[in-house]
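# Structure at a glance
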Amino acid sequence: MTFKKCCINGQRYGACRDGSGQLQNHPEQVDFSWNMYADGKLSFYDHYLIEQIKSGKDPEIRQFFFLLAICHTVMVDVSDGQLNYQAASPDEGALVTAARNFGYVFLSRTQNTITISEMGIERTYDVLAILDFNSDRKRMSVIVRESEGNIRLYCKGADTVIYQRLHPGNLKREATEEALDIFANETLRTLCLCYKDISHDEFEAWNKKFMVASATITNRDEALDKVYEEIEKNLILLGATAIEDKLQDGVPETISKLSKAGIKIWVLTGDKKETAENIGFSCELLTDETTICYGEDISALLQTRLENQRNRAGSSTHSSLRMNEPFFQSGRDRALIITGSWLNEILLEKKKKKKKKLKLKFPKTAEEKQKQIENRRRAEANKEQQQKNFVDLACECKAVICCRVTPKQKAMVVELVKKYKKAITLAIGDGANDVNMIKTAHVGVGISGQEGMQAVMSSDYAFGQFRYLQRLLLVHGRWSYIRMCKFLRFFFYKNFAFTLAHIWYSFFNGFSAQTAYEDWFITLYNVMYTSLPVLLVGLLDQDVSDRLSLRFPGLYVLGQKDLLFNYRKFFVSLIHGIITSLIIFFIPYGAYLKTMGRDGEAPSDYQSFAVTTASSLIFVVNFQIGLDTSYWTFINAFSVFGSIALYFGITFDFHSAGIHVLFPSAFQFTGTAPNALRQPYLWLTMILSVAICLLPAVALRFLSMTVWPSESDRIQKNHKKYMAEEEQWKRRQSTFRRGVSGRRSAYAFSHQRGYADLIASGRSIRKKRAPLDAVLRHSVTEGRDAHGTS
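Sequence order as written defines residue numbering, which begins from 1 separately in each chain. pLDDT decides what is reported in this predicted model: residues at 70 or higher carry local features, side-chain atom pairs at 80 or more are listed and counted, and totals for whole chains, interfaces and linings draw on all residues regardless. The side-chain quantities take in all heavy atoms of the structure and omit both hydrogens and water.

Turning to unusual backbone geometry, a few remarks are in order. The phi dihedral of Met119 is positive, around 55 degrees, even though this residue is not glycine. Helix and strand assignments come from DSSP, with helices taken as H or I runs of at least 4 residues and strands as E runs of at least 2, each series counted from the N terminus. By secondary structure assignment, the location of Met119 is in the loop between strand E6 (113-118) and strand E7 (121-131). Non-glycine residue Thr187 carries a positive phi angle of around 60 degrees. With respect to the helices and strands, Thr187 occurs in the loop between helix H5 (173-185) and strand E10 (189-198). Taking the relative accessible area as the measure of exposure, Thr187 reaches 25% and is therefore partly exposed. In this scheme, a residue with accessible area under 20% of its type's maximum is buried, one over 50% is exposed, and one in between is partly exposed, where area comes from a 1.4 Å probe on protein chains only.

Have a look at this one:
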């Protein structure tokens, strides 16, 4: 996050100019070697501003950078003789660092003072009060006593709140507003700076209220905000700053792929509307073909729809169908851009009325009470219907951008979507302002970076860059959905096939408690014989590779439409299990009836029948799982054939004479498996059962891949072709690499609460005071009192 441009007293700075103010064709970076405190990291090209700062002729320029150096809650630390700033947000850190490079260096602070080096001259000022930032105020201020004894308030904040508190006589108001629009169109992050001179009597009267509010136990923040409001008015506009905060690498590509995957993208930001709109174009969320609708444009549309719904309430079915018509008739791509104030006015709760207007008229009769209740219900119903209409309209748009929204409004927007749409919501953010939104959404993703770890600590998933979201959703999320659906289908299928054989056997055993299988087979069936193949499918299976999943984001739509597991798929698994159970039961049963009573033929007793049926079931279930496995590895093959081998090994051990001697009551199928499986007739019976079960599945699989191929089947078929094309593309692109940094949130709407309370308490400053002498030893002291030099 870098300081790029500014507007001071109506004049814009930051262009490529020489010392005389003439534009340069070949930009030359400013040399900050004249400033011993410069960090050497700022890239600035306006030599004219540097000359103006060095000359000291323009008092507004001095006030501008002095405000940046003094109006903040940054903490300073010293290591190896270097100043290190610790800011509550990267925006504030960038502003203080910019003032440092331009010659106005924040050096140290105590509980009641702050020391600044102004063009090499060190001065200490008394800090009388810090009016800290919060998301409702969208600004912060400090009140300082200057060396001449004058008291002045310095304030910085969002243009929307600053312009409401300006003195009517500000001459540079329009010029600064024009500069703000220009900066916003360049996707720069803007902030307004202003000040106000305060008389001693005014400050003393205000300070008494401030002390009372500070000591308040209940509703302290509300009391302080009210007191702050009294002093922050009739401000003198000084200028505006513009900070560059570029998009992270891969953001446009990620948004494009998510859009192709059928994911609706809503951007909730604290930026100005112009900045947010240009960011939308820069990340390719908006294009030249996109029709942009603003909140003012759709207000009448929503109001008309609400009135029609009121008039048609209780009408015919045809009328109710017409009320559900889409808001937009044409098929063009549309985007919706709305502001936080529009959300408050149209959708969410209105602001509470002032206390002096709270003259309630209580109903006197039962009829008036009933009428009041009905009016309240009608208003609530209209509000909910208006919110639903807004969500329906927004979902018809390709993208939605909500600008100038507070953290609370971000959470409320997510709650609206959850309430009125049967959709899974995912919120991703990187700062403390996104915590409420992340917690409200079904899935929360935090990006670790310059804005701290609050978002990460509140999220379900965390990673370092926004572009990793495409792998989280389009690769791992889709694979997880496929694996879970296959796991559930196989789980139901194998248990239906296993359990229903008992029902068919009940018709032949008089519905007694006798089971169709051996007791130990029933115990180990789900634990050892069929668990590993199903488990590995749920862990490792993938229809296409990760590269192809990213190349064809349309594959993600399967999960959004619940095509891989639904009621239909469940009943298909049920029918499949019923057919399998019928085959593995009645084919061996028919074979045993044919051989019953014939000497020298295969055994036809109950125990041999149970072994034959169980063996057929193990073959069919494991082979069926292997047949539907898309991603074959050695582990999958080992699990299928290993499970079958494990079944025969355990069965032969449990049917041996040795274990029967040790546990005669637990193992009663002595010698059954060795005798039964020695007969070719029984092996032919099992082969017939397995073939009849698997051949229809194989035929259906063949037809689905050749006659009715899915998107993933077509991609699998051309796998080698696509991989070769991707390798060629990577070779062509290997020489190009974009160097862009991370984009963060707007200061005035998302900057978290600063360190004002910590500074006022003095807890963290006492420990840091002594080492500052190493940095200040070169400074020329002027105007310092004894308290300031301690």
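Still more ground to cover, so stick around.
For the rest of this paragraph, the subject is empty space enclosed by the protein. Cavity: a set of points on a 1 Å grid over the protein atoms alone where a 1.4 Å probe fits but cannot get out. Pocket: an open set with protein on both sides within 12 Å along at least five of seven lines, its lining residues, like those of a cavity, having an atom within 4 Å of a point. Grid points are joined across faces, edges and corners, and a volume is the space filled by probe spheres set on the points. Within this structure, the stated rule accounts for three cavities of 30 Å³ or more. The calculated volume of the largest cavity comes to roughly 100 Å³. As for the largest cavity, its lining consists of 14 residues, and the residues nearest its centre are Glu518, Phe521, Tyr647, Thr651 and His655. The set of elements that each furnish at least two residues to the lining of the largest cavity consists of helix H18 (519-529), helix H23 (606-627) and helix H24 (634-654). Looking at the lining of the largest cavity residue by residue, the class counts come to 11 nonpolar, two polar and one charged. Each residue receives one of three labels: charged for Asp, Glu, Lys and Arg, nonpolar for Ala, Val, Leu, Ile, Met, Phe, Trp, Tyr, Cys and Pro, and polar for the others, Gly being one of them.

In this structure, Thr612 sits in helix H23. Note on contacts: a residue pair qualifies if any of its non-hydrogen atoms lie within 4.5 Å across the two residues. Setting aside anything within four residues of it in sequence, one finds Thr612 in contact with Pro588, Tyr592, Leu682, Thr685 and Met686.

Exposure above 30% relative accessible area and no salt bridge define the residues that can form patches, which grow by joining like charges within 9 Å and nonpolar side chains of Val, Leu, Ile, Met, Phe, Trp and Tyr within 5 Å. Methods summary: accessible areas were calculated by the Shrake-Rupley approach with a probe of 1.4 Å, and residue burial reflects only the protein chains presented. We define a salt bridge as a side-chain nitrogen of Lys or Arg found within 4 Å of a carboxyl oxygen belonging to Asp or Glu. In this tally, Lys and Arg are treated as positive and Asp and Glu as negative; His is ignored, and so are the chain termini. The atom standing in for a charge is NZ when the residue is Lys, CZ when it is Arg, CG when it is Asp and CD when it is Glu. Together, Asp136, Asp221, Glu222 and Asp757 make up a region of like negative charge exposed at the surface. On the secondary structure map, Glu222 appears in helix H7 (residues 220-231). The exposed category is assigned to Glu222, whose relative accessible area is 52%.

When you tally the buried positions in strand E5 (residues 104-109), you get six out of six residues, the bulk of the element. Counting the residues in the hairpin turn of E5 and E6 gives three residues. A pair of strands counts as paired when DSSP detects no fewer than two bridges linking them.

Helix span, as expected, comes to 1.5 Å for every residue beyond the first. Here helix H17 (residues 468-506) is 39 residues long and its end C-alpha atoms lie 56 Å apart, about the 57 Å a rise of 1.5 Å per residue gives. Bend, in this description, refers to the angle at a residue between axes fitted to the seven residues ending there and the seven starting there. Approximately 30 degrees is the largest bend angle found in H17, and it occurs at Gly477.

Moving on, we come to the sheet that holds strand E13 (residues 291-294). To summarise the sheet geometry, strands pair through backbone hydrogen bonds and adopt either a parallel or an antiparallel arrangement. Reading across from one edge, E12-E15-E14-E13 is the order of the four strands in this open sheet, with parallel pairing throughout. With one partner strand each, in any of the chains shown, strand E12 (265-268) and E13 form the two edges of the open sheet. Ignoring which end each strand starts from, the neighbouring axes of this sheet average 15 degrees apart. Two strands pair when backbone bridges link them, and strand E14 (residues 334-339) and strand E15 (residues 399-403) are joined in this way by five bridges, in the parallel orientation. Its bridge partner being in E15, Leu336 is matched across the sheet by Val400. To obtain an axis, a line is fitted to C-alpha atoms, over the contacting stretch when the element is a helix, and the angle between two such axes runs from 0 to 180 degrees between their N-to-C directions.

Next up on the list: the environment of Arg478. Examined against the element boundaries, Arg478 turns out to sit in helix H17. Sequence separation of Arg478 and Asp543 is 65 residues, and the distance between their C-alpha atoms is 9.7 Å. Those residues within four positions of Arg478 in sequence are excluded, and the remaining contacts are Leu473, Asp543, Val544, Ser549, Leu555 and Tyr556. Any N or O atom pair separated by 3.5 Å or less is treated as a polar contact, with the protein-specific requirement of one donor-capable and one acceptor-capable atom, and with residues adjacent in sequence counted only for side-chain atom pairs. Here the side chain of Arg478 touches Ser549 through a polar contact of 3.0 Å, side chain to side chain.

Before going further, it helps to spend a moment on the sheet that holds strand E17 (residues 443-447). Taking strand neighbours across the sheet as the criterion, the three strands line up as E16-E17-E18 in an open arrangement whose pairing is parallel. The open sheet has two edge strands with one neighbour each: strand E16 (426-429) and strand E18 (461-463). Shown here is a sheet whose adjacent strand axes are inclined to one another by a mean of 20 degrees, direction ignored. The pairing of E17 with E18 spans three bridges and is classified as parallel.

For the rest of this paragraph, the subject is the nonpolar core. Among the buried residues, those of types Ala, Val, Leu, Ile, Met, Phe, Trp, Tyr and Cys that are joined through side-chain atoms within 4.5 Å form a nonpolar core. Core analysis: the biggest nonpolar cluster contains 56 residues, and Leu49, Phe65, Ile70, Phe102 and Tyr154 have the highest contact counts within it. A total of eight residues in this core trace back to one element, the largest contributor, which is helix H2 (residues 59-70). Once residues lying within four places of it in the same chain are set aside, the contact partners of Phe65 are Ile8, Leu49, Ile53, Ala99, Phe102 and Tyr104. Counting residues in each nonpolar core, the second largest holds 36 residues, with Tyr493, Tyr517, Val611 and Ile659 among its members.

Quick look at the pattern of salt bridges now. As enumerated under the stated definition, the model contains 26 salt bridges in all. Asp543 serves as the salt-bridge partner of Arg478, at 2.9 Å between the closest nitrogen and oxygen. Placement of the pair is Arg478 in helix H17 and Asp543 in the loop between helix H19 (531-540) and helix H20 (546-551), with a sequence separation of 65 residues. The burial state of Arg478 is the same as that of Asp543; both residues are buried. For the salt bridge of Lys486 with Asp541, the shortest nitrogen-to-oxygen distance reads 2.7 Å. Here Asp541 lies in the loop between H19 and H20 and Lys486 lies in helix H17, a separation of 55 residues in the sequence. With respect to burial, Lys486 and Asp541 carry one shared label: buried. Connected through salt bridges with shared partners, the residues Arg137, Arg139, Arg165, Glu229 and Glu232 form a single ionic network.

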